[in-house]
Structure formats: C-alpha cells, structure tokens
Amino acid sequence: MTTGSPQHDVDIPRPTAAQLRWQRAGSGVFFHFGVNTFGDREWSDGTLPAASFVPEQLDVGQWLDAAQLAGARYVVLTAKHHDGFCLWPTSTTDYSVASSPWRGGAGDVVGELANACRERGVGFGVYLSPWDRHAPEYADPDRYDDLYAAQLTELLTGYGDLVEVWFDGAGSEGRTYDWPRFMRLVAEHQPEAMVFNMGAPTIRWVGNEDGLATDPVNYVADAVPLSQYVAGEAPLAVPRYLPPECDVSIRRGWFWHPEESPKSVAHLLAIHQASVQLGANLLLNLPPDRSGRIDAADLARLAEYRAELDLRFGRPVPARLHHRGDGVWEAELAESVAIGHVELRERLEEGQRVLHHRITVAGEVLASGHTIGVRRVHRVPVCETRTLTVTLTGGGELEAVVVHPAADTRAEPMLPPDYAASREVPDH
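Residues numbered from 1 in each chain as written. Predicted model: local features only at pLDDT ≥ 70, side-chain atom pairs only at ≥ 80, totals over all residues. Heavy atoms only, no water.

Asker: Sorry if this is basic, but what is going on with the nonpolar core here?
Answerer: Within the largest apolar cluster, 79 residues are counted, with the highest numbers of intra-cluster contacts made by Phe31, Phe53, Trp63, Val75, Leu113 and Phe124. With 7 residues, helix H5 (residues 141-158) is the largest single contributor of residues to this core. Not counting residues within four places of it along the chain, the set of residues in contact with phenylalanine 124 comprises Val75, Leu77, Val110, Leu113, Ala114, Cys117, Tyr159, Asp161, Leu162, Val163 and Glu164. In terms of nonpolar packing, the next biggest core, distinct from the first, is built from 22 residues, Ala319, Val337, Leu344 and Cys383 among them. (Core = buried A, V, L, I, M, F, W, Y, C linked by side-chain atoms within 4.5 Å. Buried < 20%, exposed > 50% of the residue type's maximum accessible area, 1.4 Å probe, protein only. Helix = DSSP H or I, 4+ residues; strand = E, 2+ residues; numbered from the N terminus. Contact = heavy atoms within 4.5 Å.)

Laid out in structure tokens, this is it:
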C-alpha cells in the first residue's frame with residue numbers, strides 16, 4: 001500500500017463526517033453465509049442448487065448477540081458471493097432464496113438482518129461480489145453491468161440506511177466494470193455509506209486477510225491493494241483520505257466448515273492489538289452454520305475474548321488535557337491510577353497530522369510510536385500516576401487521553417508462528 005504521510009499543510013485530505021463516524025465505530029462483524037455454507041465450499045462455481053439453502057433455524061437475533069459480544073457497532077452481510085446466489089429475492093435471477101425451500105421461497109436474509117440491525121441500533125452493510133460465476137450475463141460485460149446495477153439498486157433502496165457497501169476484488173482481476181455508473185447509484189441512494197476499496201472508495205482494504213495493520217497507519221493513500229490473490233495496487237488519481245479496514249475470519253475459512261475451529265483468544269487479542277488499537281477498523285467474520293446460527297464453539301470463544309477485552313478496557317478513566325505548546329500535552333487524572341494501557345485520540349476533522357508520539361511519566365518513556373489517528377492504544381508497564389505527558393511531532397492535536405487501569409488478565413496477545421491467510425486461489 002502506497003500511503004501519504006500525515007502533513008501539516010492546508011492541502012492535506014480531510015475526512016467526511018461519515019468517514020469519522022465509521023472510524024469511531026471501530027469494530028464490525030462480517031457474516032459469510034450462502035449456498036457455500038451447505039456445500040462445504042469457499043468459492044463454489046455457481047452450480048450448487050438453490051434448493052440446498054435450507055437454514056431451518058436461522059436466527060439473525062442470535063447473530064447480532066454474537067456481533068455485539070465481539071464489540072461490533074456494524075455488520076456486513078455477503079448478500080451475493082462469487083457463486084452468484086442472492087440472499088434476497090432479487091428480480092434479476094432465479095438463483096436466490098426465492099428458489100429455496102427455506103421460508104417456502106418467501107424468505108429474505110438481507111431483510112431479516114437489516115430489520116434486526118435497525119431495531120438494535122447496529123449499522124448494516126452489504127457485500128455484493130462483482131464477480132459472478134452463475135450469471136450467464138457475466139460473459140457479456142455490458143449485459144452484466146446492467147444486471148449488477150439492478151442488483152446494487154435493489155440493495156441500496158430496499159433495506160434502509162447502509163453503513164457500508166463492500167466490493168470484493170477477488171476474481172475480478174483484469175475485468176473492467178462500469179464503476180462510474182455503480183458509484184452514481186451509491187451516491188444517489190446511500191451517500192453516507194462507506195465504499196470499500198473499489199470504484200470510488202471511501203475506505204480501503206488493509207492489504208491482507210489476517211486482520212493486521214502496522215504502524216504507521218496512514219489514512220491518506222494514493223493507491224489501493226487489489227486482492228489477496230494478486231500482487232500490486234490500483235493507483236488513485238489523487239491522494240485521498242481512505243482509512244483502512246482489517247478483515248479476518250474467526251476461523252481459517254470465511255464460510256462455516258464443520259472441521260474448522262475458532263482462533264484462540266490469544267490470537268484474537270493479537271488481531272485486536274494490530275487493528276483497533278493501531279487506529280484501523282476491524283471486521284471480524286462470524287460464519288453462520290447450516291442451521292442458520294453462529295456455531296456454539298465460536299460463541300464460547302467470543303465470550304472468552306470479550307471477557308479479556310473487558311478486563312483491559314472495561315473501566316476507562318478519561319484525563320483532563322492541558323496543551324503546553326510545541327506539541328506537548330499534559331493529561332491529568334482526577335486521582336492516581338495504576339495504569340495498564342494508555343489510549344490516545346487525535347483530532348481528525350482537519351486531517352491526520354501526527355507523525356510520531358511519545359508518552360512519558362516523570363521523564364520516563366512509557367510508550368512511543370508513529371501515527372495516532374482515531375485511536376492508538378499502548379500497553380505500558382504498570383505505573384501508578386496521576387499525570388502523563390504526551391509529545392507529538394508533525395503537527396496535530398490530541399482530542400482525548402484515556403487510561404485503562406491495570407488488571408489481572410488470563411491471556412496474552414500472541415500470533416501463532418507462521419500463521420497467514422492463504423494467497424492461493426481456493427480450488428472450490
């Protein structure tokens with residue numbers, strides 16, 4: 001990823017209010033669900049029968065229970081994956097839930113989840129794969145662009161406000177779509193929705209499917225990565241404010257497979273540390289199983305993960321800020337606290353500007369790093385204090401400093417050795 005560095009000149013790209021709302025949400029959940037779930041596939045070829053989709057115990061309320069356990073403020077559903085099967089009763093193809101025996105052919109997974117999200121105040125987003133292995137129109141770019149525009153319009157207009165529209169580049173390498181047309185539809189019907197990575201993006205892919213960002217996490221980019229399966233980036237005409245989203249599955253695969261199990265708590269904590277705590281957004285995939293519910297093993301792991309996050313971050317103590325000039329800020333607590341983590345937040349309305357920061361107590365450095373962004377959370381040696389000093393370089397201002405008291409935790413963040421999502425195209 002080629003990224004511009006935060007600057008202090010007047011021409012630095014600035015976020016929209018919608019981008020800042022999305023960034024401050026911090027965590028979302030992905031739901032990969034469809035005929036692949038029933039065919040034990042990652043990428044099926046569009047020939048799995050629609051009649052195989054029978055989630056007899058589908059419970060989107062239980063999905064949202066799991067999402068909220070994971071700390072999600074928004075969710076994204078695979079309304080159509082590469083196989084072309086649509087989770088809503090589209091007028092564009094018979095390869096959809098309308099041809100399934102589920103709900104007597106009258107079901108609508110997109111609608112059920114959208115309604116449940118609205119009732120709970122959770123943001124709702126949709127994934128619509130440009131690549132379609134079922135549609136015969138795909139062989140004719142003009143005809144397929146018409147079909148895709150119709151599908152996109154149905155999703156943009158039929159399910160209330162969307163927080164995100166997720167365009168996956170996998171399988172579309174070398175294919176040209178009518179992105180100006182598709183982006184006009186998004187701008188007309190869902191102007192506040194984030195656009196993921198393709199067309200006219202407002203957020204970008206972090207560049208891997210391991211859920212990991214690295215410091216610095218720059219929000220200004222002049223190119224976006226293409227997909228997990230090809231090298232290279234797509235250049236942008238001009239640098240833009242494009243904060244990253246880190247997508248990763250709780251399991252090895254994106255769809256539910258009976259032989260797989262969830263990642264360890266230590267692994268999930270390491271992902272959180274290298275995404276949310278670095279100032280990126282995290283999109284954690286929770287794949288519903290063939291019953292239409294989140295697997296009990298995944299729920300149990302999420303409960304353990306939630307408990308560890310609550311131990312670390314469940315008792316935030318805000319500090320009072322005093323600007324001492326020359327990039328030096330003093331953070332004063334109401335009383336002395338034994339600190340385990342320190343969270344910094346940058347004021348971003350005028351753009352991301354901090355190039356480097358340092359946290360000290362009584363002249364001793366507790367932590368340092370490059371960017372801050374919407375949030376930067378440092379684990380620090382346990383230190384009892386009432387006052388911290390934060391020094392910034394590169395310009396910018398602090399919006400807030402929050403300390404998190406030290407706690408007895410049961411798991412340490414740790415990535416498994418040599419763990420990485422495959423860059424080999426799935427064979428099925």
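Asker: What am I meant to see in helix H6 (residues 179-189) here?
Answerer: Each α-helix winds once per 3.6 residues, and so residues spaced three or four apart point in a common direction. Turning to H6, its buried residues number three or more, namely Trp179, Phe182, Met183, Leu185 and Val186. Down the axis of H6, the smallest arc covering the buried residues is 150°, so these residues share one side. For H6, exposure combined with an orientation more than 90 degrees from the buried face picks out Pro180, Arg184, Ala187 and Glu188. As for H6, its buried residues are in contact with H5 and strand E6 (194-196). (Arc of directions from axis to C-beta.)

Asker: Teacher, can you tell me more about the packing of aromatic side chains here?
Answerer: Each aromatic ring pair is specified by the distance between its two centres and by the angle formed by the two planes. This structure, assessed with the given rule, holds 25 aromatic pairs. In textbook terms, an aromatic cluster arises when at least three aromatic residues are bridged by ring pairs, as seen for Phe31, Phe33, Phe38, Phe53, Trp63, Phe85, Tyr95 and Trp102. Just above the ring of tyrosine 138 sits the side chain of arginine 175; from NZ or CZ to the centre is 3.9 Å. (Phe/Tyr/Trp six-rings, centres within 6.5 Å; stacked < 30°, edge-to-face > 60°. Lys NZ or Arg CZ within 6 Å of the ring centre and 35° of its normal.)

Asker: I tried to follow the environment of glutamine 151 on my own but got confused; where do I start?
Answerer: Inspection of the secondary structure puts glutamine 151 in helix H5. A relative accessible area of 1% places glutamine 151 in the buried class. Taking the C-alpha atoms as reference, glutamine 151 lies 8.4 Å from leucine 128; in sequence the two are 23 residues apart. Residues contacting glutamine 151, with those up to four places away along its chain left out, are Lys80, Cys86, Trp88, Thr90, Thr92, Thr93 and Leu128. A polar contact is formed between the side chain of glutamine 151 and the side chain of lysine 80, at a distance of 3.0 Å. (Polar contact = N/O pair within 3.5 Å; in protein donor to acceptor, adjacent residues only side chain to side chain.)

Asker: Would you take a moment to explain the environment of glutamine 68 for this structure?
Answerer: As for its position among the elements, glutamine 68 is in helix H3 (residues 60-69). C-alpha of glutamine 68 to C-alpha of arginine 386: the two residues are 318 residues apart in sequence and 33 Å apart in space. Residues in contact with glutamine 68, not counting those within four places in the same chain, are Arg120, Val122 and Arg306. Of note is the side chain of glutamine 68, whose polar atom sits 2.9 Å from the side chain of arginine 120.

Asker: Even after reading the chapter, I still don't get the pattern of salt bridges, so can you show me in this structure?
Answerer: Summed over the entire model, instances satisfying the criterion amount to 21 salt bridges. Of the charged contacts, one joins aspartate 310 and arginine 306 as a salt bridge, the two residues approaching to 3.1 Å between their closest N and O atoms. Highlighted residues: aspartate 310 and arginine 306, both in helix H8 (residues 296-313), separated by 4 residues, approximately one helical turn. Among the charged side chains, a salt-bridge network with shared partners connects Arg24, Glu349 and Glu399. (Salt bridge = Lys/Arg side-chain N within 4 Å of Asp/Glu carboxyl O.)

Asker: It is not clear to me how the packing of H5 against H6 should be interpreted in this structure. Could you clarify?
Answerer: Between two packed helices, both the angle of their axes relative to each other and the distance between the axes serve to describe the pair. Between H5 and H6, the shortest axis-to-axis distance is 10 Å and the interhelical angle comes to 15°. Judged on the interaxial angle alone, H6 and H5 are roughly parallel. The handedness of the crossing between H5 and H6 is right-handed. Contacts between H5 and H6 involve Asp145, Asp146, Tyr148, Ala149, Leu152, Thr153, Leu156 and Thr157 on the former and, on the latter, Arg181, Phe182, Leu185, Val186 and His189. When the residues that make up the contact of H5 with H6 are grouped by side-chain class, the tally is 7 nonpolar, 3 polar and 3 charged. (Axes fitted to C-alpha atoms, helices over the stretch in contact; angles between N-to-C directions. Parallel < 35°, antiparallel > 145°, perpendicular 65-115°, else oblique. Left-handed = near helix turned anticlockwise from the far one by under 90°. Nonpolar A, V, L, I, M, F, W, Y, C, P; charged D, E, K, R; others polar.)

Asker: Sorry if this is basic, but what is going on with unusual backbone geometry here?
Answerer: If a residue is not glycine, its phi is most likely negative; likewise, a peptide bond is most likely trans. Cis geometry is adopted by the peptide bond preceding proline 216, which originates at aspartate 215 and carries an omega value of 5°. Its identity is not glycine, yet arginine 103 carries a phi of approximately 55°, on the positive side. As for its placement among the helices and strands, arginine 103 is situated in the loop between strand E3 (74-80) and helix H4 (109-120).

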